[in-house]
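Chain by chain, the residues:
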Amino acid sequence: VHVGYLDRFRDVVARDPDAIAIQQAGQPGSLSYGALDAACDRLAAHLQSKGAGPGDIVAIHLGRRPEYLVALMAVLKTGAAFLPIDPGYPDAVIAHMVSDSGTKLVISEDMDAPALGAEVIDPNADADAESAGLTPVERDPAGPAYVIYTSGSTGKPKGVVIPDRAMVGHAQAITRLFALTATDRVYQFMSLSFDFSLEEILPTLFNGATLVLRSDAAALSGAAFLDEISTLGLTVLHLPTAFFHIATDYLTASGAALPDSLRLLNIGGERANPQIVQDWLRAAPEVRLFNGYGPTETAVTVTFYEPNGDLPEGDVPIGTAADHAYAYVAAPDGSLSPRGAIGELWIGGVSVGIGYHGLPEKTADVFFDDHFRGHGRVYRTGDRAAWRADGNLDFFGRNDRQVKMRGFRIDLGHVERVLEMANPNLRVFAGVRDAGSPSARLLAWAMIADGNDTVDIDALNALAEAVLPPAMRPRIVEVDVFPRTAGGKVDLAALPDPGQPSAPTASTEPMNELE
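What counts and how
Residues numbered from 1 in each chain as written. Predicted model: local features only at pLDDT ≥ 70, side-chain atom pairs only at ≥ 80, totals over all residues. Heavy atoms only, no water. Helix = DSSP H or I, 4+ residues; strand = E, 2+ residues; numbered from the N terminus. Rg over C-alpha atoms; globule rule 2.2 N^0.38 Å. Buried < 20%, exposed > 50% of the residue type's maximum accessible area, 1.4 Å probe, protein only. Areas by Shrake-Rupley, 256 points an atom, 1.4 Å probe, with all protein chains shown as cover. Lys, Arg positive; Asp, Glu negative; His and termini not counted. Charge placed at Lys NZ, Arg CZ, Asp CG, Glu CD. Salt bridge = Lys/Arg side-chain N within 4 Å of Asp/Glu carboxyl O. Pairing = 2+ DSSP bridges. Right-handed = clockwise from strand over helix to strand, strands pointing away. Phe/Tyr/Trp six-rings, centres within 6.5 Å; stacked < 30°, edge-to-face > 60°. Lys NZ or Arg CZ within 6 Å of the ring centre and 35° of its normal. Contact = heavy atoms within 4.5 Å. 1 Å grid on protein atoms, 1.4 Å probe; cavity = no way out; pocket = protein on both sides within 12 Å on 5 of 7 lines; lining within 4 Å. Points joined across faces, edges and corners; volume = space filled by probe spheres on them. Axes fitted to C-alpha atoms, helices over the stretch in contact; angles between N-to-C directions. Parallel < 35°, antiparallel > 145°, perpendicular 65-115°, else oblique. Nonpolar A, V, L, I, M, F, W, Y, C, P; charged D, E, K, R; others polar.

Engineer: Describe the overall build of the protein, with residues and values.
Structural biologist: Broken down by element type, the protein carries 12 helices and 26 strands. By the compact-globule yardstick of 24 Å for 515 residues, the protein fits well, its C-alpha radius of gyration being 24 Å. Across its three principal directions, the C-alpha atoms of the protein cover 95 × 50 × 50 Å. Across the 515 residues of the protein, 53% fall into the buried class. Total accessible area on the protein is roughly 22500 Å²; 52% of this is exposed by carbon and sulfur atoms. Averaging the coordinates of the 40 positive side-chain charges in the protein and doing the same for the 66 negative ones gives two points 5 Å apart.

Here it is, written out as structure tokens:
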């Protein structure tokens, strides 16, 4: 049942206007729901005076602080869609997002930023003005709620447009699955340009709970993270999988304690290491753990797996569909794959986005009618999955993580899993450089998670030789850390390039007459 997000928010404010909506770790003071609502109304009225309304896109170019949340809710109150822009992005990326989205208004404190290329609205503008000028707007469930830019095959990010019905359906699904109530205190950890941050923000405000914004320092190490959360009385955490690995490694190595208040941890963004998940389950048996999956083209996370006791063999499953989604494993001909057979994961239900902004052909390639149910739409993810015998989904990575080099098909995830067998603290990321050219190289970057050891390249090469066929044996490069994108995923382009293998130094004369 569609409930207007703003209607629900108004009910929350009316029920307890003095309840704390937003706090910032390490900073004094807080923002109540009544104060948040009043600030949103003032900014929304100002945005309306500048022309913001249904069908428009308003960019938010702010860092992690209460003003960001005020801006987000204010944009929704005008009927427009919000577009998060990370102030740390390169100017060229910001300029592309603003121009490509067609936004004319950008909420920012950087009034002179040349990359914005639109009218800049001070988030504190008209702070003393009356909010009587705000014209209430009824949001269209099928209309755009937000736009998130994601990487594109052309090298330029493309904007994914998500409708109101998906935003609300997601908030309702998370409310039920996580049993969220007004008594919860939810940590806001994710990058604000990453759609996963909306899983922290929107369901929290939907339920009148408290959102606690992390400090910058908390994301720098497992020690700083655990030190910060120890005093905040948090009940719910959402973490990108990469940082979950770091935090769990520190937790198990240090013997540090989690806060007694913590009841639930939700992770997602990339493949979870089974050994680290098992370490967490042993260290925090009373904390519910969810491993989630969701592409940007749907309303955040659409499948969840909650371990019940020991993990099954193999990779950590991604579970079953949340209330606002359907999950299908499709065979190449578009029919449903039988249980156990690997196919392409398609997502249906109200979670599905509208498409790519201004790119109708790309939209038509991956968004189409749901012929399984006979109504609604599906998004074909390009990810490979299979139904397990227990009814959960196994995830096998993207179709494009299967690469072809010199006629051989190589599964990069398989290479990573084999090499990680060498050491429980080893993390491996495989990729191809110069793909499609005669000089294509299969590389594997390896690091030790706890930082107290070095990568044994000889041992890894020996393992690869013993287990992997010749075409799947990578050149191994040791790194101290995996560089990350703003969304928390490994940045392949930023990993060091060892260059081409050196030419052989031995004689190039024929060894015998046949050669």
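Engineer: Run through helix α11 (residues 412-420), naming residues and quoting values.
Structural biologist: Buried residues dominate α11, accounting for 7 of its 9 residues. Buried within α11 we find Leu412, Gly413, Val415, Glu416, Val418, Leu419 and Glu420.

Engineer: Run through the pattern of salt bridges, naming residues and quoting values.
Structural biologist: Taken as a whole, this structure holds 23 salt bridges when the rule is applied. A salt bridge links Asp323 to Arg176; its shortest N-O distance comes to 2.5 Å. With Asp323 in the loop between β15 (320-321) and β16 (326-330) and Arg176 in helix α5 (residues 164-178), the pair connects residues that are 147 residues apart, well separated along the chain. Using a relative accessible area of 53% as the deciding quantity, one classes Arg176 as exposed. Across the salt bridge formed by Glu420 and Arg271, the nearest N and O atoms sit 3.3 Å from each other.

Engineer: Which residues make up the pairing of strand β13 (residues 288-293), and what values go with them?
Structural biologist: Counting buried positions along β13 yields 5 of 6 residues, so the element is predominantly enclosed. Direction of pairing for strand β12 (residues 264-268) relative to β13: parallel, over a ladder of 5 bridges. Looking at the pairing, Gly268 lines up with Gly292 of β13. In this region the chain leaves β12, passes through helix α9 (residues 274-283) and returns to the parallel neighbour β13; the handedness of that crossover is right-handed.

Engineer: With reference to specific residues and values, describe the packing of aromatic side chains.
Structural biologist: Scanning the model with the defined rule gives 20 aromatic pairs in all. Between Tyr187 and Phe189, the aromatic rings sit 6.2 Å apart at their centres with planes inclined by 45°, giving tilted as the arrangement. Residue Tyr187 shares its accessibility class with Phe189, and that shared class is buried. Positioned above the aromatic ring of Tyr356, the side-chain terminus of Lys158 is 5.1 Å from the ring centre. Positioned above the aromatic ring of Phe189, the side-chain terminus of Arg214 is 4.8 Å from the ring centre.

Engineer: Would you mind going over the side chain of Arg433 in detail, with residue names and values included?
Structural biologist: Here Arg433 lies in strand β24 (residues 426-433). Relative accessible area serves as the criterion here: at 12%, Arg433 is assigned to the buried category. Apart from the residues within four sequence positions on either side, Arg433 is in contact with Ser439, Ala440, Arg441, Leu443, Trp445, Leu492, Ala493, Leu495, Pro496 and Asp497.

Engineer: Now, about the layout of surface pockets: what can you tell me, with residues and values included?
Structural biologist: Over the atoms rolls a probe the size of a water molecule, and in doing so it shows where empty space is left. Approximately 270 Å³ is the volume attributed to the second largest pocket. Every residue lining the second largest pocket is counted, 15 residues in all, and those nearest its centre are Asn273, Pro274, Arg417, Glu420 and Met421. By residue number, the principal contributor to the lining of the second largest pocket is α11, which donates 4 residues.

Engineer: Describe in detail the packing of helix α7 (residues 222-229) against helix α8 (residues 241-254), supporting the description with residues and values.
Structural biologist: In a packed pair of helices, the relevant descriptors are the angle between the two axes and the axis-to-axis distance. Remark: α7 packs on α8, axes separated minimally by 8 Å, with the N-to-C direction vectors making an angle of 80°. When the axes of α7 and α8 are compared, the pair comes out roughly perpendicular. Taken together, the residues of α8 that come into contact with α7 (itself represented by Gly222, Ala223, Phe225 and Leu226) are Phe243, Ile246, Ala247, Tyr250 and Leu251. When its residues are assigned to classes, the contact of α7 with α8 shows 8 nonpolar, 1 polar and no charged.

Engineer: Give me the pairing of strand β25 (residues 441-448): which residues, what numbers.
Structural biologist: The buried count for β25 comes to 8 of 8 residues, which makes it a mostly enclosed element. The alternating pattern of β25 places Arg441, Leu443, Trp445 and Met447 and Leu442, Ala444, Ala446 and Ile448 on opposite faces, both of which are buried. Summarising the sheet, β24 and β25 pair through 8 bridges and their orientation is antiparallel. What sits directly across from Val432, in β25, is Leu442. Note: β25 against strand β26 (residues 475-478), 4 bridges, orientation parallel. Bridge pairing in β26 links Ala446 to Glu478.

Engineer: An account of helix α6 (residues 196-206) is needed here, citing residue identities and associated values.
Structural biologist: Every α-helix carries 3.6 residues per turn, so stepping three or four residues along brings you back to the same face. Where burial is concerned, most of α6 is hidden: 11 out of the 11 residues are buried. Looking at α6, one finds that the buried residues are Phe196, Ser197, Leu198, Glu199, Glu200, Ile201, Leu202, Pro203, Thr204, Leu205 and Phe206. One or two residues past the end of α6 sits Gly208, with phi positive at roughly 75°.

Engineer: Talk me through the sheet that holds β24; I want residue IDs and the actual numbers.
Structural biologist: On the basis of which strands lie adjacent, the open sheet formed by 3 strands has the order β24-β25-β26 and mixed pairing. Two strands close off the open sheet at either side, each with one partner strand: β24 and β26. The average undirected angle you get between the axes of adjacent strands in this sheet is 25°. Across the sheet, α11 touches β24, β25 and β26, and the angle it forms with β24 is around 150°.

Any functional reading would require information beyond the geometric quantities listed.
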